[in-house]
Amino acid sequence: MADTFSESIAASAQALKLILQGFTLIPIIHYEIAFVCLLIIFVYNFLEFHFFHDVLTLFQGSPVSLTYNSASEIYHGVASKCRLLHGRYLVTPWLSSPHVQTTFLHFHGRPPAVNYRRKLFHASDGGTFALDWLKSSDVLGGSTFEDNDALRHDKTPILIVIPGLTSDSSAAYIKHLAYSTAERGWDVVICNHRGLGGISVTSDCFYNAGWTKDTRDVINDLHREYPNAPLFVVGTSIGANILVKYLGEDGEDVPIAGAVAICSPWDLLIGSRFIGRRTVQKFYDRALTVGLQQYAKLHQTLFHRLADWDGILKSRRIRDFDNYATRLVGKFESVDTYYRHCSSAQYVTKVAIPLLCISTLDDPVCTWEAIPWDECRANKNIVLAVTRHGGHLAFFEGLTASTLWWVRAANEFLGVLHCSPFMHTQKKNPPHIGPESYVDQGPYVNVSNGMVAAVTNDPSSPTDNVKLNEEDPFERQKVNDQSAVAAADVLVVPDAKNVVSSSSGQTSVKAADLNSIKKWLEQLFQQNRRSTWMLTYIAVISTLPFMGATLYMLLFRKKFKQPKSLN
């Protein structure tokens, strides 16, 4: 019996030895090819590429899914006439991954060049933040003369933009939206968050995911200053959450004709759990946390006094930063309390104006699990559009990735709404702001190298009407028929990092006014973008395997056949 067992073991060892010898006979190049193929498969799935699926579907794209109330006048009278919402969205083939799209948007994004005009908004609590304007005349040409009487009778539609987390008017997707809208003949104003856009925090209040006061004050002030101009709002990411929460809080008592929410997180508690769930999401969690830490370092003195500075520096997740900073500054009992209080999903049923919501199923930052499908379907004022692909605020389209699909879709919806009888009109008068506007009535200011300086309105001033950005690389097409273009497809318009001086038609600013401005103006520096190094790491890691595989196949294509496509 023992001899039989020993013979069995010996036979097994001999068989194993023969198998190993057989493996050694296989050329090493075959192992390398197999390793490269497995690596490609891993990266393809890890980064959620869908290129092969697009190939199999002949690059037809995927249809846009619309959710709405069957009795909705907004859908039947507005959204049903929007070609893009009833079409198909096809991702740029070489960006066929939500992570590659999102990374490309933040690193480059191919934004158009734009000239902003900056005015400073003084909040009632002593806070200051920037309103960056892009007038249609800056893009299409024409008169820039402004006076109080002209402003009150101006009927040019105004689009108010609320950026996302740690984003300001310099973000690529904001520039795409601003220029595209201005090229259609509308005026655009970007409402930068407190502490961003090169403006120091001048009070003990910071913005957060549910901070609607600044949005409310800016909208009411613009409505008072431009009473005949229809106001529209677009919120992106956290800005979309703020927008929907504001609309739900005030109901019909808002001077807004219509709005669009792009890639809203909806439920911050669900989003917090989602962004720490998978390895790839943890990269975004860490990158966004680094961005928040850089924001805190810009205003270290206030954060050191109002929050837990040591905790901020040790934060590795967004939840950690919210626990050591946002919760304490906002005086919330816990992080979960802050998330529940500021989530916009609970306000969806209370929205009383036309609202288009655009989200995507593969958003790597704001999960589709938080989308309030039933609440949107129950509200007759809301149309929810969900695409299969798009990434976070990306939605690149075309072979050159020069346009963003959501920008065209949002402008098409707002254009059709503007030409329809379904625009919202405020039922009540806006709250009285007082004899003086919160917006600085002095000159526009220029922003250059992080420094803020007043621009004189004196016609003889050498800085009057001087543009500070390079030539626009995009061909500018003038709009001849405003009503037709409003309901049609939208063009992409450039935008600029700096600011254009105000027209000489404004009243000259007195020396006393300039002195008062200089009291609260200080040296500012632009937002630190070190957080993008984390996204650089993701981009390099995701592209190296493909570059290596391509080089490898080029070197050995004569010896070996190309492997079949893996899907």
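Because the structure is a prediction, the values reported are computed rather than measured.

Another aspect to go through is the overall build of the protein chain. Looking only at helices and strands, the protein chain has 21 helices and 15 strands in total. Counting across all 567 residues of the protein chain, residues that qualify as buried make up 54%. In the protein chain, the proportion of contacts linking residues at least 24 apart, taken out of those at least 6 apart, comes to 80%. Carbon together with sulfur atoms contributes 57% to the accessible area of the protein chain, which is approximately 25,700 Å² in total.

Here the structure, examined in full by the defined rule, presents 21 aromatic pairs. A ring pair is formed by phenylalanine 42 and phenylalanine 46, whose centres lie 5.6 Å apart and whose planes are at 20°; its orientation type is stacked. Here phenylalanine 42 pairs with phenylalanine 46, and both are found in helix α2 (residues 28-46), just 4 residues apart, close to one helical turn. Taking relative accessible area as the criterion, phenylalanine 42 reaches 52% and is therefore assigned exposed. Residue phenylalanine 46 is classed as partly exposed on the basis of its relative accessible area, which comes to 25%.

Glancing now at the packing of helix α5 (residues 98-107) against helix α12 (residues 279-298). Packing of α5 against α12 leaves a shortest axis separation of 12 Å and a crossing angle of 15°. Between α5 and α12, the interaxial angle falls into the category roughly parallel. Note on packing geometry: the crossing formed by α5 with α12 is left-handed. Between α5 and α12, the contacting residues are Pro98, His99 and Thr102 on the first element and Val280, Gln281 and Tyr284 on the second. Among the residues forming the contact of α5 with α12, the class breakdown is 3 nonpolar, 3 polar and no charged.

The residue arginine 110 is not glycine, and still its phi comes out positive at about 50°. Note on placement: arginine 110 falls in the loop between α5 and β4 (117-122). In this structure, cysteine 263 takes a positive phi of about 55° despite not being glycine. By the element assignment, cysteine 263 lies in the loop between β9 (258-262) and α11 (268-274). Residue classification places cysteine 263 among the buried residues on the basis of a relative accessible area of 1%.

Its 14 residues place the ends of helix α18 (residues 405-418) 20 Å apart at the C-alpha level, agreeing with the 20 Å of an ideal helix rising 1.5 Å per residue. With 13 of its 14 residues buried, α18 lies for the most part within the structure.

As a further point, take the UniProt feature "transmembrane region" (unreviewed entry) in the protein chain. Listed under "transmembrane region" (unreviewed entry) in the UniProt record, and renumbered for this structure, are residues 25-47 and 533-555. Here residues 25-47 runs as 87% helix and 0% strand, with 35 Å between its end C-alpha atoms.

The next subject is the nonpolar core. In this structure, Leu85, Trp405, Trp406 and Phe413 are the most contacted members of the largest nonpolar core, which totals 62 residues. Counting residues per element, this core draws most heavily on α18, which supplies 9 residues. Leucine 85 has contacts with Val64, Leu66, Ala79, Leu356, Ala385, Trp405, Ala409, Glu412 and Phe413, leaving out every residue within four places of it along the chain. One finds Ile158, Ile160, Ala259 and Trp266 within the second-largest nonpolar core, a separate group that totals 40 residues.

Packing of helix α8 (residues 172-183) against α18 leaves a shortest axis separation of 10 Å and a crossing angle of 35°. Once α8 is placed against α18, the crossing between them reads as right-handed. Residues Tyr173, His176, Leu177, Ser180 and Thr181 of α8 form the contact with α18, whose own contacting residues are Trp406, Val407 and Asn411.

Counting buried residues in strand β10 (residues 355-360) gives 6 out of 6 residues, a clear majority hidden from the surface. Covered by surrounding structure in β10 are Leu355, Cys357 and Ser359 together with Leu356, Ile358 and Thr360, the residues of both alternating faces. Summarising the sheet, β9 and β10 pair through 4 bridges and their orientation is parallel. Its bridge partner lying in β10, isoleucine 262 is registered against isoleucine 358. Two elements, β10 and strand β11 (residues 382-387), share 6 bridges in a ladder whose sense is parallel. Within β11, the position partnered with leucine 356 by the bridge is valine 383.

Next up on the list: the pattern of salt bridges. Following the criterion strictly, the structure yields 17 salt bridges and no others. A salt bridge links lysine 213 to aspartate 217, with the shortest nitrogen-to-oxygen separation between them at 2.8 Å. In this pair, lysine 213 and aspartate 217 are both assigned in helix α9 (residues 213-225), 4 residues apart and thus about one turn of the helix distant. With relative accessibility at 15%, the residue aspartate 217 sits in the buried group. Where salt bridges share partners, they join Arg216, Lys245, Glu249 and Asp250 into one cluster.

This part takes up the side chain of arginine 184. Residue placement: arginine 184 occurs in the loop between α8 and β7 (187-191). Polar contacts involving the side chain of arginine 184 include one to the main-chain carbonyl oxygen of asparagine 411, which spans 3.3 Å.

Turning to the side chain of threonine 387, a few remarks are in order. If you trace the backbone, threonine 387 turns up in strand β11. Here threonine 387 falls in the buried class, since its relative accessible area comes to 2%. Those residues within four positions of threonine 387 in sequence are excluded, and the remaining contacts are Val64, Tyr89, Ser359, Thr360, Leu361, Phe395 and Trp405.

Together, Leu16, Ile19, Leu20, Phe23, Ile26, Ile28 and Tyr31 make up a nonpolar patch on the protein surface, roughly 670 Å² of accessible area in all. Listing elements by their share of the nonpolar patch, those giving two or more residues are α1 (2-25) and α2. The dominant element in the nonpolar patch, judged by the number of residues it contributes, is α1, at 4 residues. Positionally, leucine 20 belongs in helix α1.

On to the environment of arginine 216, then. Residue placement: arginine 216 occurs in helix α9. Taking the C-alpha atoms as reference, arginine 216 lies 9.4 Å from leucine 243; in sequence the two are 27 residues apart. Setting aside residues no more than four positions away along its own chain, arginine 216 makes contact with Tyr246, Glu249 and Asp250.

Along the chain, histidine 50 falls in the loop between α2 and α3 (51-56). Assessed through its relative accessible area of 6%, histidine 50 is described here as buried. Counting along the chain gives 47 residues from histidine 50 to serine 97, while the straight-line C-alpha distance between them is 6.4 Å. Filtering out sequence-adjacent residues up to four positions away, histidine 50 remains in contact with Tyr44, Val91, Ser96, Ser97 and His389. Polar contacts involving the side chain of histidine 50 include one to the side chain of aspartate 54, which spans 3.0 Å.

About the cut-offs
- Residues numbered from 1 in each chain as written.
- Predicted model: local features only at pLDDT ≥ 70, side-chain atom pairs only at ≥ 80, totals over all residues.
- Heavy atoms only, no water.
- Helix = DSSP H or I, 4+ residues; strand = E, 2+ residues; numbered from the N terminus.
- Buried < 20%, exposed > 50% of the residue type's maximum accessible area, 1.4 Å probe, protein only.
- Contact = heavy atoms within 4.5 Å.
- Areas by Shrake-Rupley, 256 points an atom, 1.4 Å probe, with all protein chains shown as cover.
- Phe/Tyr/Trp six-rings, centres within 6.5 Å; stacked < 30°, edge-to-face > 60°.
- Axes fitted to C-alpha atoms, helices over the stretch in contact; angles between N-to-C directions.
- Parallel < 35°, antiparallel > 145°, perpendicular 65-115°, else oblique.
- Left-handed = near helix turned anticlockwise from the far one by under 90°.
- Nonpolar A, V, L, I, M, F, W, Y, C, P; charged D, E, K, R; others polar.
- Expected span 1.5 Å × (residues − 1).
- UniProt positions renumbered as here; feature names shortened; annotations may be inferred.
- Core = buried A, V, L, I, M, F, W, Y, C linked by side-chain atoms within 4.5 Å.
- Pairing = 2+ DSSP bridges.
- Salt bridge = Lys/Arg side-chain N within 4 Å of Asp/Glu carboxyl O.
- Polar contact = N/O pair within 3.5 Å; in protein donor to acceptor, adjacent residues only side chain to side chain.
- Patch = residues over 30% accessible without salt bridge, like charges linked within 9 Å, V, L, I, M, F, W, Y side chains within 5 Å.

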